[in-house]
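# Observations on the model geometry
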Protein chains: 2
Amino acid sequence: MALDRDETSERVLEIAESLVSEGGAAGLKARSIAERAGIAVGSIYNLFGPLDRLHGVVNLRIMDRLAEAGNSAVRHLDEQGVIDTRQKLLGLARAYLEFVLARPVAWAALLAFNPRSLGVEEQGQYVRRLDALFEIIAGVLADDPTLDVSPEKRRQMARVLWLSVHGIVVQSIVMQESEDKARRVQSVWDHIDLLVTTFLRGVDHRPAELH
Amino acid sequence: MALDRDETSERVLEIAESLVSEGGAAGLKARSIAERAGIAVGSIYNLFGPLDRLHGVVNLRIMDRLAEAGNSAVRHLDEQGVIDTRQKLLGLARAYLEFVLARPVAWAALLAFNPRSLGVEEQGQYVRRLDALFEIIAGVLADDPTLDVSPEKRRQMARVLWLSVHGIVVQSIVMQESEDKARRVQSVWDHIDLLVTTFLRGVDHRPAELH
């Protein structure tokens with residue numbers, strides 16, 4: 001029962017993603033994929049080129065899934081009638097934290113991945129995926145009538161919030177063995193809450209001379 | 001002219017650090033170190049054990065140097081008579097950004113490094129090094145009489161500020177090929193400034209009901 005090219009690609013990507021989830025970039029071996037997929041090692045290179053590039057394509061899929069998680073969190077908050085910007089941003093941060101906690105090894109591998117090992121076209125895809133994530137946050141800020149900032153400033157704020165939450169979440173991956181998981185997640189969460197709450201308060205209360 | 005054990009260790013660490021600076025963790029090869037140091041490959045394993053552990057020791061040295069850069073930035077600001085907390089925090093952030101820009105590959109390798117490949121004792125050294133970095137920022141916050149927060153809250157704020165700036169700086173490493181360097185550094189700097197300024201404003205202007 002031979003699979004067609006698309007089905008085989010999909011199957012290889014699924015297997016590649018589980019291998020990266022188990023053992024990071026080092027776990028991504030053509031032989032392991034070939035064994036699990038029941039195909040020849042050469043087919044993998046024919047479909048995806050070098051393993052670096054395969055890892056890059058896996059990462060793009062993971063980023064798409066994160067964007068889906070973010071958009072679904074926004075929809076969920078809308079359905080619940082949440083209109084408070086802080087609550088919405090915390091909801092998005094929560095979605096991000098849970099996303100990372102569900103795949104810490106794959107996420108660490110994605111962060112360690114060097115997009116420069118990809119072609120220019122795929123590097124562009126990385127940047128666009130990241131921009132899509134920032135846009136979700138910028139959308140939440142745009143919905144807040146009390147934030148009287150330009151679209152450009154809003155994009156900058158969205159990037160700062162995302163990257164800051166990211167810095168806090170990423171640290172939690174590194175430190176994951178140093179204390180028990182529930183305590184660690186609570187601590188990460190307290191830090192995210194302090195960041196989002198204090199930052200938003202800082203925006204709301206800007207004195208006029210500062211802009 | 002034989003070197004003694006300490007001199008050889010020091011030499012191996014220096015070479016290991018330049019190899020990591022050039023090619024990341026993948027560049028750290030026992031054969032390359034042995035060639036450059038003019039010693040046998042076996043001596044490296046005798047001195048440091050597996051290469052993972054050697055990379056860990058290199059990382060601890062890099063973190064020590066970052067702490068030195070931070071402390072020296074604080075001294076410099078003191079000498080210049082800077083007392084504004086925002087200016088001090090931006091000075092520290094600048095020192096961190098410059099530190100990372102001077103060794104982007106080694107820093108990315110440090111972040112991708114899994115401390116769990118070290119023993120418990122060395123994992124503890126990692127955590128202590130990181131705590132020392134947070135303490136530098138907590139010290140700046142403690143010197144500000146307008147910030148009426150508990151030492152515990154101050155430590156939490158210091159961690160949030162550090163990790164947030166870290167998230168912004170790290171992103172700049174990943175994106176480093178996407179635009180010209182001067183523009184990229186300016187953009188990173190604008191984001192850091194927005195973060196620190198807005199966060200501090202949020203702390204200063206906390207309404208009483210929120211704590």
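This text follows the structure it describes.
Below you will find a few notes about this structure. (Residues numbered from 1 in each chain as written. Chains lettered and ligands numbered in written order. Predicted model: local features only at pLDDT ≥ 70, side-chain atom pairs only at ≥ 80, totals over all residues. Heavy atoms only, no water.)

### Things to note about the overall build of chain A
Summing up its helical and strand segments, chain A has nine helices and zero strands in all. If you list the helices and strands of chain A from N to C, you get α-α-α-α-α-α-α-α-α. In terms of principal-axis extent, the alpha carbons of chain A reach across some 65 × 40 × 35 Å. A total of 211 residues make up chain A; the buried ones form 49% of that total. Taking all contacts inside chain A whose residues are at least 6 apart in sequence as the whole, residues at least 24 apart take part in 69%. On chain A, roughly 10100 Å² of surface is accessible, and the fraction owed to carbon and sulfur atoms is 51%. Each charge class in chain A was averaged separately, 25 positive and 30 negative side chains, and the resulting centres sit 3 Å apart. (Helix = DSSP H or I, 4+ residues; strand = E, 2+ residues; numbered from the N terminus. Buried < 20%, exposed > 50% of the residue type's maximum accessible area, 1.4 Å probe, protein only. Contact = heavy atoms within 4.5 Å. Areas by Shrake-Rupley, 256 points an atom, 1.4 Å probe, with all protein chains shown as cover. Lys, Arg positive; Asp, Glu negative; His and termini not counted. Charge placed at Lys NZ, Arg CZ, Asp CG, Glu CD.)

### Considering the pattern of salt bridges
In this structure the tally under the stated criterion is 22 salt bridges over all chains. For A:D193, the salt bridge is made with A:R86, and the minimal N-O distance between the two is 3.1 Å. One end of the pair, A:D193, is in helix 9 (residues 181-204); the other, A:R86, is in helix 5 (residues 85-102), and 107 residues separate them in sequence. Given a relative accessible area of 26%, A:R86 falls into the partly exposed group. Note that B:R61 is salt-bridged to B:E17, the shortest N-O span being 3.8 Å. Of this pair, B:R61 sits in helix 4 (residues 51-79) while B:E17 sits in helix 1 (residues 5-23), and the two are 44 residues apart along the sequence. B:E17 matches B:R61 in its accessibility class, with the two residues each being buried. A single network of salt bridges, built from pairs that share partners, joins A:E10, A:E17, A:R61 and A:R65. (Salt bridge = Lys/Arg side-chain N within 4 Å of Asp/Glu carboxyl O.)

### Section: the packing of helix 1 of chain B against helix 4 of chain B
Residue and element names in this part refer to chain B. Where helix 1 contacts helix 4, the axes come no closer than 10 Å and their chain directions differ by 85 degrees. Put simply, helix 1 runs roughly perpendicular to helix 4. Facing helix 1, whose interface residues are E10, V12, L13, E14, A16, E17 and V20, helix 4 presents L54, H55, V57, V58, R61, I62 and R65. Classifying every residue of the contact of helix 1 with helix 4 by side-chain character gives eight nonpolar, one polar and five charged. (Axes fitted to C-alpha atoms, helices over the stretch in contact; angles between N-to-C directions. Parallel < 35°, antiparallel > 145°, perpendicular 65-115°, else oblique. Nonpolar A, V, L, I, M, F, W, Y, C, P; charged D, E, K, R; others polar.)

### Details of the packing of helix 5 of chain A against helix 7 (residues 120-142) of chain A
Residues and elements named next belong to chain A. Two elements in contact, helix 5 and helix 7, have axes whose closest approach is 10 Å; the angle formed by their N-to-C orientations is 165 degrees. It follows that helix 5 is roughly antiparallel to helix 7 by the angle criterion. As for how helix 5 packs across helix 7, the hand of that crossing is right-handed. Residues T85, K88, L89 and L92 of helix 5 pack against I136, I137, V140 and L141 of helix 7. Its residues assigned to classes, the contact of helix 5 with helix 7 shows six nonpolar, one polar and one charged. (Left-handed = near helix turned anticlockwise from the far one by under 90°.)

### Looking at the nonpolar core
Counting residues in hydrophobic clusters, the biggest one holds 134 residues, and the most contacted among them are A:I192 and B:I192. Residues in contact with B:I192, not counting those within four places in the same chain, are B:L90, B:A93, B:V165, B:I168 and B:V169. (Core = buried A, V, L, I, M, F, W, Y, C linked by side-chain atoms within 4.5 Å.)

### Here's the deal with the packing of aromatic side chains
Enumeration over the complete set of coordinates arrives at 10 aromatic pairs over all chains. Considering the side-chain rings of A:F99 and A:W107, the 6.0 Å spacing of their centres and the 85 degrees angle between planes classify their relative orientation as edge-to-face. Ring centres 5.2 Å apart and planes at 35 degrees place the aromatic pair B:Y96 and B:W162 in the tilted group. One end of the pair, B:Y96, is in helix 5 (residues 85-102); the other, B:W162, is in helix 8 (residues 151-174), and 66 residues separate them in sequence. The exposure class assigned to B:Y96 is buried, which follows from its relative accessible area of 5%. With a relative accessible area of 10%, B:W162 lands in the buried category. Following the ring pairs from residue to residue traces out a cluster consisting of A:Y96, A:F99, A:W107, A:F134 and A:W162. (Phe/Tyr/Trp six-rings, centres within 6.5 Å; stacked < 30°, edge-to-face > 60°.)

### Topic: helix 6 (residues 104-112) of chain A
What sets the pattern is the α-helix's 3.6 residues per turn: residues three or four places apart point alike. Buried residues of helix 6 of chain A: A:A106, A:W107, A:A109 and A:L110, and no others. Taken around the axis of helix 6 of chain A, the buried residues stretch over an arc of 160 degrees, which confines them to a single face. (Arc of directions from axis to C-beta.)

### What about the environment of A:V203?
Tracing the sequence through the fold places A:V203 in helix 9. Judged by relative accessible area, which is 6%, A:V203 ranks as buried. With 138 residues separating them in the primary sequence, A:V203 and A:R65 have C-alpha atoms 30 Å apart. Sequence-distant contacts of A:V203, defined by excluding residues within four places in its chain, comprise A:L147, A:M157 and B:T198.

### Structural notes on the side chain of B:E122
Residues and elements named next belong to chain B. With respect to the helices, strands and loops of the structure, E122 is situated in helix 7 (residues 120-142). Residue class for E122 comes out buried when judged on its relative accessible area of 12%. Among all residues touching E122, those that are not within four sequence positions of it are R53 and V57.

### Section: the environment of A:A93
Along the chain, A:A93 turns up in helix 5. Among all residues touching A:A93, those that are not within four sequence positions of it are A:V165, A:W189 and A:I192.

### Some words on helix 4 of chain B
Helix length check: helix 4 of chain B, at 29 residues, gives a terminal C-alpha distance of 42 Å against a target of 42 Å (1.5 Å per residue), a fit within 8%. Taken from the residues just after helix 4 of chain B, B:G81 is the one with a positive phi, measuring 75 degrees. (Expected span 1.5 Å × (residues − 1).)

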